[in-house]
Amino acid sequence: MISEARVEAAVETTSAPRHIALVRVTHWINVLSVIGLLVSGTGILVSHPRLYWGETGSLETPSLIDLPVPFIIGPSVWMRPYHFFFAWILVLTGMTYVAGSFITQHFRKDLLPAKADFSWNRIAGVVSEALMWKGPDADAASTYNVVQRLTYLAIVFGLFPAILWTGLAMSFGMTAVFPILATALGGHQSARTLHFVCVVLLLLFVFVHILMVYLAGFWRSVRAMITGYVPQGGKIR
Amino acid sequence: MSQILARRSFLSAGLATAASASGIGAAVYFADRYGLIPPDHAGIVGVGETLTYAAQRLLTSGHSLAREFKRSDISKVATVNGPHPTDETYLALLADRFKNWRLSVEGLVARPASFSLEELQRLPAESHITLHACEQGWSYIAEWTGVRLATVLDLVGTRPESRYVVFEPFPNPNQGRTVVRSLFESIDMADALHPQTLLAYGMNGEALPADYGAPLRARVARQLGWKNTKYLSRIVITDRRDYYRKKNGTWYGGI
């Protein structure tokens, strides 16, 4: 008599993993470093929660955005080293992920949309299903739909590089070597503002991402991202 | 069979560990030799500090210049962060326009010396219009006039083993919790000898105002505001990484 668990285990080890090890490991390191960056970044931001456009800005000049939070001086000093610590983890993990994804063809196989999917009809279909709070069916759960693919590509090749760029553009050492880092963005304070805007966009992505994970079955999805395998044959939700 | 495999994987794991350990060891040795390890390299966050500093020093080893601006870019208002000391010693010097003030330059130098403000002003002067940004987030552009720190270091003759230049301000007995700018700082020789690093006694075409650091402040154009020590009274050249150590926060301000 073979128990159900053993059958499931056998299925799991013979079928292809939902997520390859590279994706699983870098995903969770990424989660930890983004949390570290958000906490330390907030500590830095609240020492002067005012954003400007151009090269300079201070309490004596007009602002672009006045964030409705109090000025708290102090955390920016001791939290800054943590910000750079997690930034290095994010960058090194990101480089590993991108290099590894080219080698394993993760981008081509899992993220590049098929030509047939690359139409407004398909995209509109996916969006309308999501808006009706429908989780994916079993087939769809084993792959990414076109909107997911485009979003993940935009985050990997658009948003994260933008966060890195706007961060580096605030560095006096870096702009001494590459002035264009800051000048192309409109100046030092513009870079700081855009760094903040990028983080807001990242938070928006994280919010929708977690919502979608919930729709697809939270523990199923989390388990797939940890072990690599989705329980076979079970109901999706 | 499985035993052989286990032994083989044990051996290769051991070899890999030994290789990466000696790789890290060699990297640390060369990093230290080429001055790529900052004073605050210890601990978990020290890893990040070291990577940032080393990466920047490898990139900026040439004399890359901080961005300079046009006269029309100079900010109309420059933020004061921590007004000048209000103890009797400083106020007496200020009242006398710093006639009795002297900057002492000592440590690993062939000819320790002290300079009056006039003596510093007789040395070749330079002006740079650069960005001054506080780590908190505010910033302004100003024109700074002064003598290159490199010129002064050349006069006193720094010894080859010199690694850091420490800026010591006037003691500020009335310094409250919110007044934090009158603090020790240190920079490495790469920034100390950098052509834009000034001992500044002038700001926006006038004598350096008291609240901005009179009589003399450091201007380290490739680093953030906190490295630009105000109210200088002493400069020490040292080879000791632990001569000056920040209690918290980041040592390298080129970030």
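Residues numbered from 1 in each chain as written. Chains lettered and ligands numbered in written order. Predicted model: local features only at pLDDT ≥ 70, side-chain atom pairs only at ≥ 80, totals over all residues. Heavy atoms only, no water.

A. Just the overall build of chain B, in detail. Summing up its helical and strand segments, chain B has six helices and ten strands in all. Dimensions of chain B, computed from C-alpha atoms along their principal axes, come out at roughly 90 × 40 × 35 Å. Here chain B, with 255 residues, has 52% of them falling under the buried criterion. The long-range fraction of contacts in chain B, counting pairs at least 24 apart against all pairs at least 6 apart in sequence, stands at 69%. With an accessible surface of roughly 12,300 Å², chain B has 58% of that area assigned to carbon and sulfur atoms. Between the centroid of the 29 positive side chains of chain B and the centroid of its 24 negative side chains there is a distance of 6 Å. (Helix = DSSP H or I, 4+ residues; strand = E, 2+ residues; numbered from the N terminus. Buried < 20%, exposed > 50% of the residue type's maximum accessible area, 1.4 Å probe, protein only. Contact = heavy atoms within 4.5 Å. Areas by Shrake-Rupley, 256 points an atom, 1.4 Å probe, with all protein chains shown as cover. Lys, Arg positive; Asp, Glu negative; His and termini not counted. Charge placed at Lys NZ, Arg CZ, Asp CG, Glu CD.)

B. How the structure looks around the pattern of salt bridges. All names here are of chain B. Counting across every chain of the model gives 17 salt bridges over all chains. Measuring nitrogen to oxygen at the nearest pair gives 2.9 Å for the salt bridge that ties lysine 227 to glutamate 185. With a gap of 42 residues between them, lysine 227 in the loop between strand E9 (217-219) and strand E10 (232-238) and glutamate 185 in strand E6 (residues 185-188) connect regions that are remote in the sequence. Looking at lysine 227, the relative accessible area reads 0%, which means it is buried. The network of salt bridges with common partners includes Arg57, Asp188, Asp191 and Arg222. (Salt bridge = Lys/Arg side-chain N within 4 Å of Asp/Glu carboxyl O.)

C. Representation of the packing of helix H5 (residues 120-131) of chain A against helix H7 (residues 146-168) of chain A within the structure. Residues and elements named next belong to chain A. Running from amino to carboxyl end, H5 crosses H7 at an angle of 95 degrees, the nearest separation of the two axes being 8 Å. If you check the angle between H5 and H7, you find them roughly perpendicular. For the pair H5 and H7, the contacting residues are Arg122, Ile123, Val126 and Val127 in the first and Val146, Val147 and Leu150 in the second. A per-class count over the contact of H5 with H7 returns six nonpolar, no polar and one charged. (Axes fitted to C-alpha atoms, helices over the stretch in contact; angles between N-to-C directions. Parallel < 35°, antiparallel > 145°, perpendicular 65-115°, else oblique. Nonpolar A, V, L, I, M, F, W, Y, C, P; charged D, E, K, R; others polar.)

D. Just the sheet that holds E6 of chain B, in detail. Residue and element names in this part refer to chain B. Ordered by their spatial adjacency, five strands build an open sheet running E2-E1-E10-E5-E6, and the pairing between neighbours is mixed. A strand with exactly one partner marks an edge of an open sheet, and here the two such strands are strand E2 (113-116) and E6. Across this sheet, the average inter-strand angle for adjacent strands is 20 degrees, counted without regard to direction. On the sheet, helix H5 (residues 149-156) packs against strand E1 (102-107), E2, strand E5 (164-169), E6 and E10 and is oriented at approximately 135 degrees with respect to E2. (Pairing = 2+ DSSP bridges.)

E. Spotlight on the side chain of lysine 230 of chain B. Residue and element names in this part refer to chain B. Examined against the element boundaries, lysine 230 turns out to sit in the loop between E9 and E10. For the buried lysine 230, no salt bridge is present, and the opposite-charge side chain at shortest range is aspartate 211, 6.7 Å distant. Within the structure, the side chain of lysine 230 is placed 3.2 Å from the backbone oxygen of glycine 82, a separation counted as a polar contact. Polar contacts involving the side chain of lysine 230 include one to the main-chain carbonyl oxygen of aspartate 211, which spans 2.8 Å. (Polar contact = N/O pair within 3.5 Å; in protein donor to acceptor, adjacent residues only side chain to side chain.)

F. The packing of helix H3 (residues 75-103) of chain A against H7 of chain A, seen in detail. Residue and element names in this part refer to chain A. Two elements in contact, H3 and H7, have axes whose closest approach is 12 Å; the angle formed by their N-to-C orientations is 155 degrees. Our classification of the angle between H3 and H7 gives roughly antiparallel. Here H3 and H7 pass one another in a crossing that is left-handed. Contacts between H3 and H7 involve Leu90, Val91, Tyr97, Val98 and Phe102 on the former and, on the latter, Val156, Phe157, Phe160 and Leu164. (Left-handed = near helix turned anticlockwise from the far one by under 90°.)

G. Spatial organisation of the interface of chain A and chain B. The partner chain B presents 37 residues to the 33 residues of chain A that form the contact. For the chain A and chain B pair, buried surface summed over both sides reaches about 3,000 Å², with 65% attributable to carbon and sulfur atoms. Summed over the shared surface of chain A and chain B, the number is two salt bridges. Linking glutamate 55 of chain A and arginine 67 of chain B is a salt bridge whose minimum nitrogen-to-oxygen distance equals 2.7 Å. Mapped onto the side of chain A that touches chain B, the elements with two or more residues apiece are H3, helix H8 (172-177), helix H9 (180-183) and helix H10 (188-227) of chain A. Per-element tally for the side of chain A that touches chain B: the top contributor is H3 of chain A, with nine residues. Grouping the constituent residues of the side of chain A that touches chain B by class yields 17 nonpolar, twelve polar and four charged. (Buried area = accessible area lost by both parts, 1.4 Å probe.)

H. Region of the structure containing empty space enclosed by the protein. Across all of its chains, the model carries two cavities of 30 Å³ or more by this definition. Here the second largest cavity defines a volume of roughly 90 Å³. Of all the secondary-structure elements, those providing two or more residues to the lining of the second largest cavity are H8 of chain A together with strand E3 (125-133) of chain B. Among the residues forming the lining of the second largest cavity, the class breakdown is six nonpolar, four polar and two charged. (1 Å grid on protein atoms, 1.4 Å probe; cavity = no way out; pocket = protein on both sides within 12 Å on 5 of 7 lines; lining within 4 Å. Points joined across faces, edges and corners; volume = space filled by probe spheres on them.)

None of this, on its own, says anything about what the molecule does.
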